[in-house]
Amino acid sequence: MAVPDDDPGSRRITHLELLHRPGERAQARRLLELLGCRVLDRGGHFFSAFVEPEVTDYLNNILYTSEVTPEQWAFERQLQVAAAEGPFARARSAWDAHMRAEPRYTHHFGLRLPSEEALDTALARIDAAGREDGELAGRVEVVAMFRPGDPGAATDTMVQAFVRTDVVACGLVTLGQHIELQWHLPRTA
């Protein structure tokens with residue numbers, strides 16, 4: 001039985017808390033705008049990004065984004081030092097290569113777009129920003145695309161595109177983040 005979206009008793013994901021590196025709030029806002037979110041930054045510890053741009057709902061379907069804490073950033077910097085050479089560096093390099101080659105098998109979250117045109121437009125914006133945008137060049141890229149029937153496609157009912165970034169993450173920013181953009185094919189009777 002389907003539950004209406006406005007049912008206050010239904011289960012749903014309310015929000016996702018993303019983190020960005022110290023001093024990179026503007027880059028994080030820009031990235032979420034590229035994904036098609038409407039960003040509202042009222043100052044303070046975090047800013048809000050509405051997944052559905054036309055809906056202002058602070059309780060559901062929202063991405064909150066804030067700067068990593070000093071404690072987390074100190075830990076991540078030590079990880080970077082440890083991963084600079086030796087066995088840890090080789091393991092990190094192998095894992096990074098796996099992340100790029102098989103994004104669907106790594107940590108990620110997905111956003112559903114309303115049409116194939118909206119997906120294609122978002123991917124074009126992301127691709128251009130990753131190549132040409134001074135703040136985001138080299139820091140965001142489309143790493144994989146799966147259409148129904150493609151090898152590796154999860155299903156024949158949606159198109160999946162994986163975006164990799166190190167601008168925001170739901171976890172350790174140093175490790176990067178995949179964001180899956182989906183378009184679900186119209187249902188046929």
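Refer to the structure printed above.
Computed from a predicted model, the values in this text were never measured in an experiment. (Residues numbered from 1 in each chain as written. Predicted model: local features only at pLDDT ≥ 70, side-chain atom pairs only at ≥ 80, totals over all residues. Heavy atoms only, no water.)

(A) Fine view of the overall build of the protein. Per the secondary structure count, the protein includes four helices and nine strands. For the protein, the α and β elements follow one another from N to C terminus as β-α-β-β-β-α-α-β-α-β-β-β-β. Scaling as 2.2 N^0.38, a compact globule of 189 residues should have a C-alpha radius of gyration of about 16 Å, and the protein matches this with 18 Å. Dimensions of the protein, computed from C-alpha atoms along their principal axes, come out at roughly 55 × 45 × 35 Å. Relative to its full complement of 189 residues, the protein shows a buried share of 39%. Taking contacts inside the protein between residues at least 6 apart in sequence as the whole, the part at least 24 apart equals 54%. Of the accessible surface of the protein, which amounts to about 10,700 Å², a share of 54% is contributed by carbon and sulfur atoms. Computed over 20 positive and 28 negative side-chain charges, the separation of the two mean positions in the protein equals 3 Å. (Helix = DSSP H or I, 4+ residues; strand = E, 2+ residues; numbered from the N terminus. Rg over C-alpha atoms; globule rule 2.2 N^0.38 Å. Buried < 20%, exposed > 50% of the residue type's maximum accessible area, 1.4 Å probe, protein only. Contact = heavy atoms within 4.5 Å. Areas by Shrake-Rupley, 256 points an atom, 1.4 Å probe, with all protein chains shown as cover. Lys, Arg positive; Asp, Glu negative; His and termini not counted. Charge placed at Lys NZ, Arg CZ, Asp CG, Glu CD.)

(B) Broad picture of the environment of Ala169. Within the fold, Ala169 resides in strand β8 (residues 168-169). Among the residues examined, Ala169 registers a relative accessible area of 0% and is labelled buried. The residues touching Ala169, leaving out its near neighbours within four places in the chain, are Glu17, Leu18, Leu19, Gly176 and Gln177.

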